[in-house]
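Analysis of the macromolecular model
What follows is each chain in one-letter form.
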Amino acid sequence: MTVAEIPTYDDPQLARKVEQLSPDQVDSLPFGAIRIDDDGRVQYYSQAERRLSGSGNLERLDRNFFTDIAPCMDNEAYRGRIERGRASGTLDLEFGHVGDFDDRTRELTVRIQSATEEGYWIFMRRAG
């Protein structure tokens, strides 16, 4: 992909376009990208998400996102929305969330879209 084809956070086809990027391109996006499989295990955790969230370089791959990595998001307002969306078919959600590894008061905008194969993508953009 060329630089002109790098998607923006607001792109309606964000997940599809991110799936066409190289890992280096995904890692350099100005927002975090996490790919979760149908069992809730992390399949991809971008360097941008590590850097922007302040979560560091702990191992993430093949770990359960909600129990091992982000238990603070294992609630009705976050995981509940995802599960309801998955039950109804294709995921395409956007909502606000407060709290981050580095700053518990930081505001985030969360986008969740179905992956092409299985599972889904979580994209997180930080305010400020």
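Residues numbered from 1 in each chain as written. Predicted model: local features only at pLDDT ≥ 70, side-chain atom pairs only at ≥ 80, totals over all residues. Heavy atoms only, no water.

Considering unusual backbone geometry
Residues other than glycine seldom take positive phi values, yet Asp-62 does so here, at roughly 65°. Note that Asp-62 resides in the loop between helix H3 (47-53) and helix H4 (65-69). (Helix = DSSP H or I, 4+ residues; strand = E, 2+ residues; numbered from the N terminus.)

Thoughts on the pairing of strand E2 (residues 42-45)
The sheet contact formed by strand E1 (residues 32-36) and E2 spans three bridges and is antiparallel. Considered in E2, the bridge of Ile-34 is made with Tyr-45. Remark: five residues form the turn of the hairpin made by E1 and E2, two consecutive strands paired antiparallel; Gly-40 in that turn has positive phi of roughly 85°. (Pairing = 2+ DSSP bridges.)

A word on the nonpolar core
Counting residues in hydrophobic clusters, the biggest one holds 19 residues, and the most contacted among them are Ile-34, Phe-65, Tyr-78, Ile-112, Tyr-120, Ile-122 and Met-124. Breaking this core down by element, the ones donating at least two residues are E1, E2, H4, helix H5 (76-88), strand E4 (107-114) and strand E5 (120-126). Core analysis: the next-biggest nonpolar cluster, separate from the first, contains 13 residues, Leu-21, Phe-31, Tyr-44 and Phe-123 among them. (Core = buried A, V, L, I, M, F, W, Y, C linked by side-chain atoms within 4.5 Å. Buried < 20%, exposed > 50% of the residue type's maximum accessible area, 1.4 Å probe, protein only.)

Observations regarding the packing of aromatic side chains
The tally for this structure, following the rule as stated, stands at seven aromatic pairs. Between Tyr-9 and Phe-31 the ring centres are 5.2 Å apart and the planes differ by 75°, which places this aromatic pair in the edge-to-face class. Linking Tyr-9 in the segment before helix H1 (14-18) with Phe-31 in the loop between helix H2 (23-27) and E1, this pair joins segments that are 22 residues apart in sequence. Considered together, Tyr-9 and Phe-31 belong to a single accessibility category, that of buried residues. (Phe/Tyr/Trp six-rings, centres within 6.5 Å; stacked < 30°, edge-to-face > 60°.)

What about the side chain of Ser-114?
Note that Ser-114 resides in strand E4. According to the relative accessible area criterion, Ser-114 is buried, its value standing at 14%. Side-chain polar atoms of Ser-114 contact the backbone nitrogen of Leu-91, separated by 2.7 Å. Not counting residues within four places of it along the chain, the set of residues in contact with Ser-114 comprises Ala-15, Arg-16, Thr-90, Leu-91, Gly-119 and Tyr-120. (Polar contact = N/O pair within 3.5 Å; in protein donor to acceptor, adjacent residues only side chain to side chain. Contact = heavy atoms within 4.5 Å.)

Describing the pairing of E4
Among the eight residues of E4, six are classified as buried, and the element is accordingly described as predominantly covered. Between E4 and E5, which follow one another and run antiparallel, lie five residues, and Gly-119 among them has a positive phi close to 75°.

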